[in-house]
Amino acid sequence: MDITRRRLLVLLPAAAVAWKFVLAGTPEASPNYKLTEHWWSMLIDIPKCIGCGSCVRACAEENDVPDGFYRTWIERYHVTGWQIEKPEVESPDGGKQAFPPNQSDGKNFFVPKLCNHCVDSPCTQVCPVGATFVTPDGVVLVDKTYCLGCRYCVQACPYGCRFINPKTNTAEKCSLCYHRITKGLTTACCEVCPTGARQLADLKNPKDPIHEFLRTHNVQVLKPHMATGAKVFYNGMDGSVR
Amino acid sequence: MFKDTEHLARLAVVIALLLVVFAVLRAAVVPHSFGQYGHYRGDAIAETAARPIAFAGHDACEACHTDVVDQKKQGKHVILACEACHGALAKHADDPASVTPPKLDTALVCARCHEANSAKPKDFPQVVTAEHSGGIACDTCHQPHKPRIEQMKPGVIEKIQAGAKK
């Protein structure tokens, strides 16, 4: 067959249409849970945290987190005098078995940490294969069947929230208990927090109490200068927290 | 007409073939849901959501244990979820008859929250357990669902004092 100019002009749009179908794949039927109706975040009330480690234990149990690795952990800060830049921070076993007694001088407090589920997350931007991503409802997840274990994301996270699971050799992190929140439950850590220091919040739900809380309290995020769009909000955070 | 039409046509056929091979390979290799929401496998979202739960949630507990709920409402522990102390019990919620939660060691479980620590909020009730109870189980005096003591059991104070002296 001769490819004339006329035939080429007919073939090119047809090829373009066919190519679009190849790229798009087959769309999935949408489940009851609507991805676009939620925008998940978490509120952490530092003055309420008692460092009991319930959240760390619950997270490990709910998500099969191997020993010595933490999707969430608690840090104990010890700030003395003017040395705000050099706080003493410790987290024995991630705070899983609560904390031993400590010094009574200076300011002492607990800071629970977890993935900040950033909107502009550095970890998803560096993934070379598209194994980690921000879902349409604002949760940063890892596709462990796609992850190569290259550790780029572990280095990129400014909050140290990622690790390589020694069993699967893939990146792992807090999923904000995605398997729970999509079923209408709260996260395991929020479920067991005895003082309500952790609260799951849906920023797209107009009835969520977080909106009033954010308006009326001095709420901060970790490392705001990094412009990650962190969605874990800390109330009553000391200036020394990093 | 061009001079070497046959030559150009052959080249076009080769390019077209290569394009077809590429399209077929790509369709075979790239998961069909890739690009559904962005530069990732869309099915991964549903796969993550399909994981089974370990903690049933307090609504599941309250559906059956209404007596404990009423008891908790009378005390400060009303804000605690059952699984905060009793542990993950989704299996018990699914099959209450065959999976039963173990009895808790109150000397350990209570101390996780109430052991004195200077980093805890000042208004949070804390004790140095060694001085407060001498290591005896907390539920000797306190009923954990309603922790304020209404009536002291006889002989307990002597027991604590004896234990603390050791």
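For clarity, every value in this text was computed on a predicted model and none was experimentally measured. (Residues numbered from 1 in each chain as written. Chains lettered and ligands numbered in written order. Predicted model: local features only at pLDDT ≥ 70, side-chain atom pairs only at ≥ 80, totals over all residues.)

Overview of the overall build of chain B
Heads up, the rule is: Segments assigned H or I by DSSP are reported as helices when at least four residues long, segments assigned E as strands when at least two residues long, and all are numbered from the N terminus. Three exposure classes are used. Buried residues have 20 or more other C-beta atoms within 10 Å of their own C-beta, exposed residues have 12 or fewer, and partly exposed residues fall in between, all C-beta atoms being placed from the backbone. Throughout, a pair of residues is in contact if the C-beta atoms placed from their backbones lie within 7 Å.
In terms of regular secondary structure, chain B is built from nine helices and zero strands. Overall, chain B shows an N-to-C arrangement of helices and strands of α-α-α-α-α-α-α-α-α. Expressed as lengths along the three principal axes of its C-alpha atoms, the size of chain B is roughly 115 × 40 × 25 Å. Counting only residues that meet the buried cut, chain B has 20% of its 166 residues in that class. Across chain B, every contact between residues at least 6 apart in sequence was considered, and the portion connecting residues at least 24 apart equals 53%.

Details of the nonpolar core
Applied cut-off: Take the buried Ala, Val, Leu, Ile, Met, Phe, Trp, Tyr and Cys residues, join any whose C-beta atoms are within 7 Å, and the set you get is a nonpolar core.
If you look at the biggest cluster of nonpolar residues, it comprises 79 residues, and the most contacted ones within it are C59(A), L141(A), C189(A) and V192(A). Take this core: its biggest share by element is five residues, from helix 2 (residues 54-63) of chain A.

Re the domain arrangement of chain B
As a reminder, the rule being used: Bear in mind that the domain bounds are from an automatic or database domain assignment.
Partitioning chain B into structural domains gives domain 1 (5-49), domain 2 (54-102) and domain 3 (103-166). The distance between the C-alpha centroids of domain 1 of chain B and domain 2 of chain B comes to 51 Å.

Overview of unusual backbone geometry
All names here are of chain A. In the Ramachandran plot, R151 falls in the positive-phi region, its phi being about 70 degrees despite a non-glycine side chain. Looking at the element boundaries, R151 is found in the loop between strand 6 (140-142) and helix 4 (152-156). Here N169, not a glycine, exhibits a phi torsion of approximately 55 degrees, which is positive. Locating N169 in the fold gives a position in the loop between strand 7 (163-164) and strand 8 (171-172). We classify N169 as exposed; it has 11 C-beta atoms within 10 Å.

Brief notes about the sheet that holds strand 10 (residues 219-220) of chain A
Residues and elements named next belong to chain A. What counts, and what does not: Any two strands between which DSSP finds at least two bridges are classified as paired.
Spatial strand order, 9-1-11-10: four strands in an open sheet with mixed pairing. Where the open sheet ends on each side, the last strands, each with one partner, are strand 9 (198-202) and strand 10. Note that strand 10 and strand 11 (residues 232-235) share two bridges and pair antiparallel. Its bridge partner being in strand 11, Q220 is matched across the sheet by Y234.

Structural notes on helix 2 of chain A
Most of helix 2 of chain A is tucked away, with nine of its 10 residues classed as buried. Where helix 2 of chain A is buried, its residues meet strand 2 (72-79), strand 4 (107-114), helix 6 (188-192) and strand 9 of chain A together with helix 5 (82-86) of chain B. In the segment just after helix 2 of chain A, D64(A) is the residue with positive phi, at about 55 degrees.

With respect to the environment of L89(B)
Within the element layout of this structure, L89(B) appears in the loop between helix 5 and helix 6 (90-94). Apart from the residues lying within four places of it in its own chain, the contact partners of L89(B) are A56(B), E83(B) and P101(B).

Points about the sheet that holds strand 4 of chain A
Residue and element names in this part refer to chain A. Rules: Axis definition: a line fit to C-alpha positions, over the contact stretch in the case of helices; interaxial angles, taken between N-to-C directions, run 0 to 180 degrees.
An order of 3-2-4 is seen for the three strands of this open sheet, with the pairing classed as antiparallel. For this open sheet the edge positions go to strand 3 (88-90) and strand 4, each flanked by a neighbour on one side alone. Within the sheet, the average angular offset between the axes of one strand and its neighbour, ignoring direction, is 25 degrees. In terms of strand pairing, strand 2 meets strand 3 through three bridges, oriented antiparallel. Counterpart to Y77 in the pairing with strand 3 is V89. Against the sheet, helix 2 touches strand 2 and strand 4, its axis set at about 160 degrees to strand 2.

Quick look at the environment of G57(B)
Here G57(B) lies in the loop between helix 2 (43-49) and helix 3 (58-64). Each C-alpha atom of the pair G57(B) and D123(B) lies 28 Å from the other, and the pair is 66 residues apart in sequence. Leave out the neighbours within four places in its chain, and G57(B) touches L185(A) and E191(A).

Some thoughts on the environment of T80(A)
With respect to the secondary-structure elements, T80(A) resides in the loop between strand 2 and strand 3. Each residue touching T80(A), except ones within four places of it in the same chain, is listed here: D105(A) and G106(A).

Re the interface of chain B and chain A
Across the boundary between the two partners, chain B contributes 41 residues, which contact 47 residues of chain A. Counting only elements with at least two residues in the side of chain B that touches chain A, the list comes to helix 1 (5-29), helix 2, helix 5 and helix 7 (106-114) of chain B. With five residues, helix 1 of chain B is the largest single contributor of residues to the side of chain B that touches chain A.

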